[in-house]
Amino acid sequence: MNSLPSEKNNFQKAKNRRVHHWHRNIGMTILLVVCMLAISGMALNHNDDLMLNKKFVKLDWILSIYGISAPENISTYSLDGNWVYEIDSTLYFNDSKIQHDGGGLVAAGKFSELNVIVLQNDILLLNNEAELIDKLSDTTDALHNILAAGIIDNNFIIKTPRETLQTDADFYEWTPSPIQSFSWLSPQTTPAEVRIQINNNYRGNGLSYERVLLDLHSGRIFGNAGVYIVDLSSIGLLVMCLSGVLMRVKQKGRVKHTKNGQQSVVDI
Amino acid sequence: MIRFYFIVFFTFCFVVSPCVARSVYQTPKDFVSKAFLGTPPAPKTLWLTKQYSPTVKKILGHQYIKKRIQYWRMNNKSVWILEEIGKEKTITLGLIINEQKIQQLSVLIYREKRGDEVRHHFFTRQFDNAKITKDHELNRYIDGVSGATLSVNALKKLARLALYLDSQTDE
């Protein structure tokens, strides 16, 4: 038995309303995620202009999402108000990174108005502006596998596996040291303000804004759940595209062209 | 068995060798000693003060890595141990300047993973007798080495720097 035209129309109307309803609800549900995708996508498109890979995140709450925090056991040396420390093989003099290839930090101390940083295979002399005055391994072959360093009686002394050596005030000549016992330079307790400095230096170069935006764009910043939410939102966006097209097609069917060229919507 | 030794040899050449980050071909002390036939004079110090900064920056493209340079001089001969970054790591050079010309340029320590061809004599001999012009350029063209462009550039810069510093400390 064929259905009546009025029943068919009612069914069609209900169907259209359902499409509208779903289109609207999906749109409202994924609104925030789509905005996030659009904004992060645009920012990533202009990554080079915005230099996002060279700007680093310093916001604690973002860094804590990534679980980034400086190691607890860092050896710090005080040099008359300046601090020397090493984080993950990167040497710092206060806030300045010191480039070197002399191995790990052994000790540091103030001697002859110079900041002396003793590394396993090198000794760096810095001024208070963190400028490198000299690097002693260039001209002194004895500076290898340094185990410890100390200052006593106007002598700077280093200990290697073979011998104990001392130098003059200019750090040019190294001769075997007759001094037998003294205390070696050792790390100091890290004050709270230096700890903050260390945290900032460690975090400051660890996470770029590009990384954060990429993770935000993919949803990974919120873990696996975030990825699934972005997936579902993408599917929702696709559904909205289809429902939008469907509604447009239906609407076109209802448009009646009048003689004078105007359009009017005809309710079927 | 011979095949096995071949495999071991080529594995070493192609896998292990490039991973050796720091190659000391000659110690600076040995270089200085040989430059003065075993009896080097007492070292002298050159402080790179503001007087030298503009020219040093022009030659290197940046300030020298250190503020204090140790050198050795006897009559018209001076010996310099200088460093410059090739691609990522520093290359240590020994230079003998005699009568304001390069007598010898040697790569003493090479720390980069690739490009150590610049240490060979076929390349370094190009610098022999090179002088510096008024514009602080070398007075001759130095052929490059394929795959070691940055190291070649570093050597050329240090050659110019050594000639400049020699001219500034000439007695």
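About the criteria used
- Residues numbered from 1 in each chain as written.
- Chains lettered and ligands numbered in written order.
- Predicted model: local features only at pLDDT ≥ 70, side-chain atom pairs only at ≥ 80, totals over all residues.
- Heavy atoms only, no water.
- Salt bridge = Lys/Arg side-chain N within 4 Å of Asp/Glu carboxyl O.
- Helix = DSSP H or I, 4+ residues; strand = E, 2+ residues; numbered from the N terminus.
- Buried < 20%, exposed > 50% of the residue type's maximum accessible area, 1.4 Å probe, protein only.
- Pairing = 2+ DSSP bridges.
- Axes fitted to C-alpha atoms, helices over the stretch in contact; angles between N-to-C directions.
- Contact = heavy atoms within 4.5 Å.
- Nonpolar A, V, L, I, M, F, W, Y, C, P; charged D, E, K, R; others polar.
- Polar contact = N/O pair within 3.5 Å; in protein donor to acceptor, adjacent residues only side chain to side chain.

(A) Spatial organisation of the pattern of salt bridges. Here the structure, examined in full by the defined rule, presents 10 salt bridges over all chains. Residues Lys67(B) and Glu131(A) are paired through a salt bridge, measuring 3.8 Å at the closest nitrogen-oxygen approach. Taken together, the residues span two chains, with Lys67(B) in the loop between helix H3 (53-60) and strand S3 (68-74) and Glu131(A) in the loop between strand S7 (122-126) and strand S8 (132-135). Here Lys34(B) ties to Asp30(B) by a salt bridge, and the two come within 3.4 Å at their closest N and O atoms. Here the residue Lys34(B) and the residue Asp30(B) both occupy positions in helix H2 (residues 28-35), the gap between them amounting to four residues, near one helical turn. On the basis of relative accessibility, which here comes to 57%, the residue Lys34(B) falls in the exposed class. Here the salt bridges do not stand alone but share partners, grouping Asp134(A), Lys66(B) and Arg68(B) into one network.

(B) View of the sheet that holds S7(A). Residues and elements named next belong to chain A. Spatially, S5-S6-S7-S8 is the arrangement adopted by the four strands of the open sheet, whose pairing is antiparallel. Among the strands making up the open sheet, the edge pair consists of strand S5 (105-111) and S8. Adjacent strand axes in the sheet meet at a mean angle of 20°, parallel and antiparallel pairs treated alike. For strand S6 (residues 114-119) and S7, the ladder comprises five bridges, and the chain directions are antiparallel. Looking across to S7, one finds that valine 118 is bridged to isoleucine 123.

(C) Broad picture of the interface of chain A and chain B. At the interface, 15 residues of chain A touch 17 residues of chain B. At the junction of chain A with chain B, the criterion picks out four salt bridges. Per element, the largest residue contribution to the side of chain A that touches chain B is four residues, and it comes from S8(A). For the side of chain A that touches chain B, the residue count by class is six nonpolar, two polar and seven charged.

(D) The arrangement of the sheet that holds strand S1 (residues 76-79) of chain A in detail. Residues and elements named next belong to chain A. The strand order across the open sheet formed by four strands is S1-S2-S3-S4, and the pairing between neighbours is antiparallel. Only two strands of the sheet have a single neighbouring strand rather than two, namely S1 and strand S4 (96-98). Mean inter-strand twist for the sheet, computed between neighbouring axes without regard to direction, equals 25°. Of the pairings in the sheet, the one linking S1 to strand S2 (residues 82-87) comprises four bridges and is antiparallel in character. Considered in S2, the bridge of leucine 79 is made with asparagine 82.

(E) The arrangement of the pairing of strand S5 (residues 90-98) of chain B in detail. Residue and element names in this part refer to chain B. Counting buried residues in S5 gives eight out of nine residues, a clear majority hidden from the surface. Bridge count between strand S4 (residues 77-85) and S5: nine bridges; the pairing is antiparallel. Each residue of the ladder has a partner; that of glutamate 84, found in S5, is isoleucine 91. Here S4 folds back onto S5, and the loop between the two strands holds four residues. Examined bridge by bridge, S5 and strand S6 (residues 101-110) share eight bridges and lie antiparallel to one another. For isoleucine 96, the partnering residue across the bridge sits in S6 and is glutamine 104.

(F) Fine view of the pairing of S6(B). All names here are of chain B. The element S6 is extensively covered by neighbouring structure, given that seven of its 10 residues are classed as buried. Sheet topology note: the strand S1 (residues 23-24)/S6 ladder contains two bridges and is antiparallel. Looking at the pairing, valine 24 lines up with isoleucine 109 of S6. Connecting S5 to the antiparallel partner S6 that follows it, the hairpin turn spans two residues, and glutamate 99 within it adopts a positive phi of roughly 55°.

(G) Expanded view of the environment of Ser218(A). All names here are of chain A. Considering the arrangement of structural elements, one finds serine 218 in helix H5 (residues 209-218). In this structure the C-alpha to C-alpha distance between serine 218 and aspartate 231, which are 13 residues apart in sequence, comes to 8.7 Å. With residues up to four places along the chain from it excluded, the contact list for serine 218 reads Gly226, Val227 and Val230. Here aspartate 215 takes part through its backbone oxygen, which lies 3.3 Å from a polar atom of the side chain of serine 218.

Shape descriptors only; they carry no functional weight alone.
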